[in-house]
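Geometric and topological summary
What follows is the residue order along each chain.
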Amino acid sequence: MCAAKAGTAGAVRTSMTKARAAAAGGLKRAGSRADPLGPNSEIGRKLKQYYDDLVSEAVPDKFQDLLRQLEDREQPVAVPASGSDRE
Amino acid sequence: MDDRSTFKQDLLGAIPSLRAFAMSLAQNADKADDLVQETLVKAWDKQASFQPGTNLKAWVFTILRNEFYSQMRKRGREVQDSDGALTARVAVHPGQHGAMDLGDFRAALEKLPEDQREAIILIGASGFSYEEAAEICGCAVGTIKSRVSRARSRLQEILGVSGEADYGPDAISSQVMGSNAA
């Protein structure tokens, strides 16, 4: 059991590198080989629909404001954001 | 200086996904946005520990996830465990066959234990690999596979969807046996 676990951990590290490389290449779908949550699966489709709906929600301004504040906090010299227009 | 503004831009770019993941975990818009805010602050403070060139999205997802569980613990809420008693009360109407509606799906998703829900979201919706999801959740790849597999069966069960012919339970679970306990 323990040996199996250690083996897994090693494998994680190796495949993590591969995963990074794949991610850098713009990999969209994980584990596309025999993907049980792929487009042929109704659960998979619904899952993506559910999530994509959430992702495509408009981001409230407060998050941008927050990041701006965080940036200003550390860079008092920074030019106060070129577009100070706040709708 | 450029690094910093790149980092900021990347964080900004990650917000939609972060919010979606937060919603999936917290199931509540206010809590989700609080989580995202907290995550952004933490990410900013930890900026030095982020290695440019690695996956920023995975990095911020990890922060958000940790924040979620630590808030839950602070609130004294027991983290749901897949093997817990929850399964017993999950028995909902299966919708009409083939006419699963998004609301039904959302309701079914809410009924999953957190660990299964996050796993299936990371793998099936956020586009992470099993390896990345394992890193985000701090567990073994096999554990993620097993959670995804259980989440999927659970959803099928709740929603009354029969598993499509192209995936039997064996496709995943056979690789999983043994590394389940982590």
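This section reports on the structure supplied with the text. Residues take numbers from 1 onward in each chain, read along the sequence in its written order. Chain A is the first chain written and ligand 1 is the first ligand written, with later ones labelled in order. Residue-level local features of this predicted model are given only where pLDDT is at least 70; pairs of side-chain atoms are given and counted only at 80 or more, and the full residue set underlies all totals for whole chains, interfaces and linings.

Digging into helix α5 (residues 102-110) of chain B
- Taken together, the buried positions of α5(B) are occupied by F105(B), A108(B) and L109(B). Relative to the axis of α5(B), the buried residues are bounded by an arc of 100° and lie together on one face. More than 90 degrees from the buried face of α5(B), the exposed residues found are G103(B) and E110(B).
- C-beta atoms are placed from the backbone for every residue, and two residues are taken to be in contact when these atoms lie within 7 Å. Per the convention used, a helix needs a DSSP run of H or I reaching at least four residues, while a strand needs a run of E reaching at least two, with both numbered from the N terminus. Here the buried face of α5(B) lies against α2 (42-55) of chain A together with α6 (114-124) and α8 (141-159) of chain B. Note on burial: count the other C-beta atoms lying within 10 Å of the residue's C-beta; 20 or more is buried, 12 or fewer is exposed, in between is partly exposed, and C-beta positions come from the backbone. The directions from the helix axis to the C-beta atoms form the arc being described.

Concerning the packing of α6(B) against α8(B)
All names here are of chain B.
- Where helices are involved, their axes are fitted lines through C-alpha atoms of the stretch in contact, as for all axes, and angles between N-to-C directions lie from 0 to 180°. Contact pair α6 / α8: the axes reach a minimum separation of 8 Å and the direction vectors enclose 100°. The angle between α6 and α8 falls in the class roughly perpendicular. On α8, the residues that touch D115, Q116, R117, A119, I120 and I123 of α6 are I144, R147, V148, R150, A151, R152 and R154.
- Three categories are distinguished: nonpolar for Ala, Val, Leu, Ile, Met, Phe, Trp, Tyr, Cys and Pro, charged for Asp, Glu, Lys and Arg, and polar for the others, with Gly belonging to the last. Tallied by class, residues from the contact of α6 with α8 come to six nonpolar, one polar and six charged. Convention used here: angles under 35 degrees read as roughly parallel, angles over 145 as roughly antiparallel, angles from 65 to 115 as roughly perpendicular, and any remaining angle as oblique.

Overview of the nonpolar core
- Among the nonpolar cores identified, the biggest contains 53 residues, and A22(B), L64(B), I123(B), A133(B) and I144(B) are the most heavily contacted of them.
- If you list the elements that add at least two residues to this core, you get α2 of chain A together with α1 (2-26), α2 (29-45), α3 (56-74), α5, α6, α7 (130-137) and α8 of chain B.
- In terms of residues, this core owes the most to one element, α1(B), which gives 10 residues.
- Annotation comment: domain bounds sourced from an automatic or database domain assignment. For this core, the two domains that each supply at least three residues are domain 1 (1-78) and domain 2 (80-182) of chain B. The nonpolar core criterion groups buried Ala, Val, Leu, Ile, Met, Phe, Trp, Tyr and Cys residues into a set whenever they are joined through C-beta atoms within 7 Å.

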